[in-house]
Amino acid sequence: VKTLVDAFHASNIKSKLIVAGSGPLAKYIEHLSYDDYRILYLPQLPREKILGYERNAIANINPRPLNPKLDNESVPSKLLEYLSNGVPIISSKFPRLYGPFKDDVFWIEDTSLEGMKKALEDFAASDLEEAKRKAYTARMKAFEFYGIEVQSESINHFLTSLSSSTNN
């Protein structure tokens, strides 16, 4: 998050960056927001407010650092949340989601300060209507691959296999 905020601060982007939440960077981001009117820091917000910001954003940004061990054992829940809301996404390349969403997300090729700045500026210079089309496609795929019906079917299959294995 620090690299994202620093990259945005160093960029020429006219839009605002809204950072919500709390944590060890709270004071740093709050201080930087006093120096840069484009950065808005909001402390912990209710879930409804966060969803409102996400759904009305120009883009949702997921700067998650890549860690092969962690990536094998976890799910990028924030990225899945962003995929489901139909707003353009700028994200680091989570390996398991890059393939299916390769053309639907604005991927951060390099998570260094300069790489992040380039990704933000490239998005800002892109065609907003095309970005919205990508976001719509990402949303459709997210529900097709990970929606409630698909997950229910997988759970049902799993439970059925457990039941049949205990009967043998």
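As a reminder, the structure under discussion sits directly above these lines.
Every value quoted in this text rests on a predicted model; they were computed, and no experiment measured them.

**Describing the sheet that holds strand β4 (residues 89-92)**
Okay, step 1: If you trace the three strands from one edge of the open sheet to the other, you get β3-β4-β5, paired in parallel fashion. Each edge of the sheet is formed by a strand with only one pairing partner; in this case those strands are β3 (60-62) and β5 (106-108). The mean angle between the axes of side-by-side strands here comes to 15°, regardless of whether they run parallel or antiparallel.
Okay, step 2: With three bridges connecting them, β3 and β4 associate as parallel partners. Looking at the pairing, Asn-62 lines up with Ser-91 of β4.

**Section: a nonpolar patch on the surface**
Okay, step 1: On the surface, Ile-155, Phe-158, Leu-159 and Leu-162 cluster together into a nonpolar patch covering about 390 Å² of accessible area.
Okay, step 2: As for its placement among the helices and strands, Leu-159 is situated in helix α9 (residues 148-166).
Okay, step 3: Classification of Leu-159 as partly exposed rests on a relative accessible area of 47%.

**What to know about the side chain of Asn-60**
Okay, step 1: If you trace the backbone, Asn-60 turns up in strand β3.
Okay, step 2: The class of Asn-60 is buried, set by a relative accessible area of 5%.
Okay, step 3: Every residue in contact with Asn-60, bar those within four places of it in the chain, is listed here: Glu-54, Tyr-82, Asn-85, Val-87, Pro-88, Ile-89 and Ile-90.

**Looking at the side chain of Ser-92**
Okay, step 1: Structurally, Ser-92 can be placed in strand β4.
Okay, step 2: Judged by relative accessible area, Ser-92 falls into the buried class, the value being 1%.
Okay, step 3: A polar contact is formed between the side chain of Ser-92 and the backbone oxygen of Arg-64, at a distance of 2.4 Å.
Okay, step 4: Apart from residues no more than four positions distant in its own chain, Ser-92 is found in contact with Asn-62, Pro-63, Arg-64, Leu-66, Trp-107, Ile-108 and Thr-111.

**Regarding the packing of helix α1 (residues 2-10) against helix α2 (residues 26-35)**
Okay, step 1: Direction vectors running N to C along α1 and α2 enclose 10°, while the axes themselves pass 11 Å from each other. Considered as vectors, α1 and α2 are oriented roughly parallel to each other. Judged by residue contacts, Lys-2, Val-5, Asp-6 and His-9 of α1 engage Tyr-28, Ile-29 and Leu-32 from α2.
Okay, step 2: The residue inventory of the contact of α1 with α2, partitioned by class, reads four nonpolar, one polar and two charged.

**Section: the environment of His-9**
Okay, step 1: Here His-9 is to be found in helix α1.
Okay, step 2: Taking relative accessible area as the criterion, His-9 reaches 35% and is therefore assigned partly exposed.
Okay, step 3: Put simply, His-9 and Met-140 are 131 residues apart on the chain and 33 Å apart in space, counted from C-alpha to C-alpha.
Okay, step 4: Ignoring anything within four residues of it in the chain, the contact list for His-9 reads Leu-32, Asp-36, Arg-38 and Ile-39.

**Quick look at the pattern of salt bridges**
Okay, step 1: Under the criterion given, the structure shown has 13 salt bridges.
Okay, step 2: In this structure, Asp-122 engages Lys-118 in a salt bridge whose closest nitrogen and oxygen atoms are separated by 2.6 Å. Of this pair, Asp-122 and Lys-118 both sit in helix α7 (residues 113-125), separated by four residues, roughly a single helical turn.
Okay, step 3: Each of Arg-47, Glu-54, Lys-78 and Glu-81 takes part in one network of salt bridges that share partners.

**Regarding the pairing of β4**
Okay, step 1: Here β4 shows no split at all, with Ile-89 and Ser-91 on one side and Ile-90 and Ser-92 on the other all buried.
Okay, step 2: One ladder, built from three bridges, connects β4 with β5; its direction is parallel. If you follow Ser-92 over to β5, its bridge partner there is Ile-108.

Reading the values: the criteria
Residues numbered from 1 in each chain as written. Predicted model: local features only at pLDDT ≥ 70, side-chain atom pairs only at ≥ 80, totals over all residues. Heavy atoms only, no water. Pairing = 2+ DSSP bridges. Helix = DSSP H or I, 4+ residues; strand = E, 2+ residues; numbered from the N terminus. Axes fitted to C-alpha atoms, helices over the stretch in contact; angles between N-to-C directions. Patch = residues over 30% accessible without salt bridge, like charges linked within 9 Å, V, L, I, M, F, W, Y side chains within 5 Å. Areas by Shrake-Rupley, 256 points an atom, 1.4 Å probe, with all protein chains shown as cover. Salt bridge = Lys/Arg side-chain N within 4 Å of Asp/Glu carboxyl O. Buried < 20%, exposed > 50% of the residue type's maximum accessible area, 1.4 Å probe, protein only. Contact = heavy atoms within 4.5 Å. Polar contact = N/O pair within 3.5 Å; in protein donor to acceptor, adjacent residues only side chain to side chain. Parallel < 35°, antiparallel > 145°, perpendicular 65-115°, else oblique. Nonpolar A, V, L, I, M, F, W, Y, C, P; charged D, E, K, R; others polar.

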